[in-house]
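# An overview of the molecular structure
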Amino acid sequence: MDSGTHLVIGFGLAGLAYIDPIVAADPTVSTAVLIGTVIGSQIPDVDTLLRLKSNASYIKNHRGLSHSLPALALWTALITIALMLGFGELPLGHVALWVFVAVAFHVFTDLFNTYGTQAMRPLSEKWISWNIIHIFDPIIFLSHIVAIFMWSVHLVRPELLFPILYGFLAVYYIWRSWYHYYLESRLYQKDFNYEPGDRYYLIPTFHLNVWQIVKRKPNDHYVLGEYKFSRIKWVDEVTSAVHPAVEASREHTDVAAFLYLSSFACAELRSHDWGYEVYWADVRYRHRKQYPFVAVLLLDNDLMPLDSYVGWVNDSRLSKKLRVNL
């Protein structure tokens, strides 16, 4: 999820903690838990600081180790220890429990969007992305805002309000998961151009009833479309280029980081008098006829790197980030 949603979830879990009699009975404990759940709901994304090193390092490692199984215990321990030092004597088990819930809930919700996480490390480095919930879901965000407001003005006691909120969200997640599976598993029936071997991936958007479609065909060929009002509209078709420059680009640090994350990368080759431009794009992220998540490598005619960029950018800004005039 986005940072704003993780933040309001942190406050929401602090409200849910009032179902714990130990938390509800002591303002000091409830304050410590509030601080713990807010920090816990944010801290797995501390690896955003890797941007200061390089975009490639950030892209390769974001939502990796920081969202792994050992990290759940590490973040919980660090936050709990800090709270114990700051507040003095606290019921350790209760505070640690709610901090853990916040950290684990952060990782859990990130599994549902397209970017995904490496939540099973060190058992597996596979990126887990279920493509069910958009990175910003208005239902999740607004329901938390309403509940937090009602809590802040004392309209409803938190021990009553937040179990209802999270019960509703549990149903919402179950429904979205079932609906995604239901639609995705039947896309081939609605596609008049279906051929055996085609695989369909339904990608969530900000609009709850609008989905993007990635149809993957053999040999890195993709057909991109939109599913809206129970109809498929195909909008683009791309095939990954085959060329020595494309193969050479795979060895570059920026491109390697991009390919480590994305299993939907497609390469476009552009030739220039000075060499080649290899333009890798993740076809899952299509916005206004562009693919903003890219890795671009410029090579001379001897396939030696000249410049590179990896990250989120549109075509009009890309030339400003590369030294060679495209």
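Under an unreviewed UniProt entry, the chain has the name Metal-dependent hydrolase and belongs to Paenibacillus radicis.

### Examining the side chain of His67
When you line up the elements, His67 lands in the loop between helix H4 (55-61) and helix H5 (69-87). A polar atom in the side chain of His67 sits 3.2 Å from the side chain of His106. Not counting chain neighbours up to four residues away, the residues in contact with His67 comprise Pro44, Asp45, Asp47, His106, Val107, Asp110, Thr117, Gln118 and Ala119.

### Digging into the sheet that holds strand E4 (residues 231-239)
The antiparallel open sheet is built from four strands, whose spatial order is E1-E2-E3-E4. Single-partner strands in this sheet number two, and they are strand E1 (199-204) and E4. Strand after strand, the sheet turns through a mean of 25 degrees between neighbouring axes, direction not considered. Bridge count between E1 and strand E2 (residues 210-217): six bridges; the pairing is antiparallel. Across the sheet, the residue bridging to Tyr201 is Val214, located in E2.

### Regarding the packing of helix H1 (residues 3-16) against helix H7 (residues 138-152)
At a minimum axis distance of 9 Å, the contact between H1 and H7 shows a crossing angle of 40 degrees. One way to sum up the angle between H1 and H7 is to call them oblique. Between H1 and H7 lies a crossing whose hand is left-handed. On H7, the residues touching Gly4, Thr5, Val8, Ile9, Phe11, Gly12, Ala14 and Gly15 of H1 are Ile140, Phe141, His144, Ile145, Ile148 and Trp151. Across the contact of H1 with H7, the residue classes tally to nine nonpolar, five polar and no charged.

### Examining the nonpolar core
Of all hydrophobic cores here, the largest spans 39 residues; its most connected members are Val33, Val103, Ile133, Ile140, Phe162, Tyr166 and Tyr173. Where this core is concerned, the elements lending two or more residues are H1, helix H3 (27-40), H5, helix H6 (92-110), H7 and helix H8 (158-184). Ranked by the residues each element gives to this core, the list is headed by H8, at seven residues. When neighbours within four sequence positions are excluded, Ile133 is seen to be in contact with Met1, Phe112, Asn113, Ile140, Tyr172, Tyr173, Arg176 and Pro204.

### Digging into the pairing of strand E3 (residues 221-228)
Extensive coverage of E3 is indicated by the burial of six of its eight residues. Sheet analysis places E2 next to E3, joined by eight bridges and oriented antiparallel. Bridge assignment links Trp211 to a residue of E3, and that residue is Tyr227. Two strands pair when backbone bridges link them, and E3 and E4 are joined in this way by eight bridges, in the antiparallel orientation. Considered in E4, the bridge of Lys228 is made with Arg231. Following E3, the chain reverses through two residues before pairing antiparallel with E4; Phe229 in that reversal takes a positive phi of roughly 55 degrees.

Thresholds applied
- Residues numbered from 1 in each chain as written.
- Predicted model: local features only at pLDDT ≥ 70, side-chain atom pairs only at ≥ 80, totals over all residues.
- Heavy atoms only, no water.
- Helix = DSSP H or I, 4+ residues; strand = E, 2+ residues; numbered from the N terminus.
- Polar contact = N/O pair within 3.5 Å; in protein donor to acceptor, adjacent residues only side chain to side chain.
- Contact = heavy atoms within 4.5 Å.
- Pairing = 2+ DSSP bridges.
- Axes fitted to C-alpha atoms, helices over the stretch in contact; angles between N-to-C directions.
- Parallel < 35°, antiparallel > 145°, perpendicular 65-115°, else oblique.
- Left-handed = near helix turned anticlockwise from the far one by under 90°.
- Nonpolar A, V, L, I, M, F, W, Y, C, P; charged D, E, K, R; others polar.
- Core = buried A, V, L, I, M, F, W, Y, C linked by side-chain atoms within 4.5 Å.
- Buried < 20%, exposed > 50% of the residue type's maximum accessible area, 1.4 Å probe, protein only.

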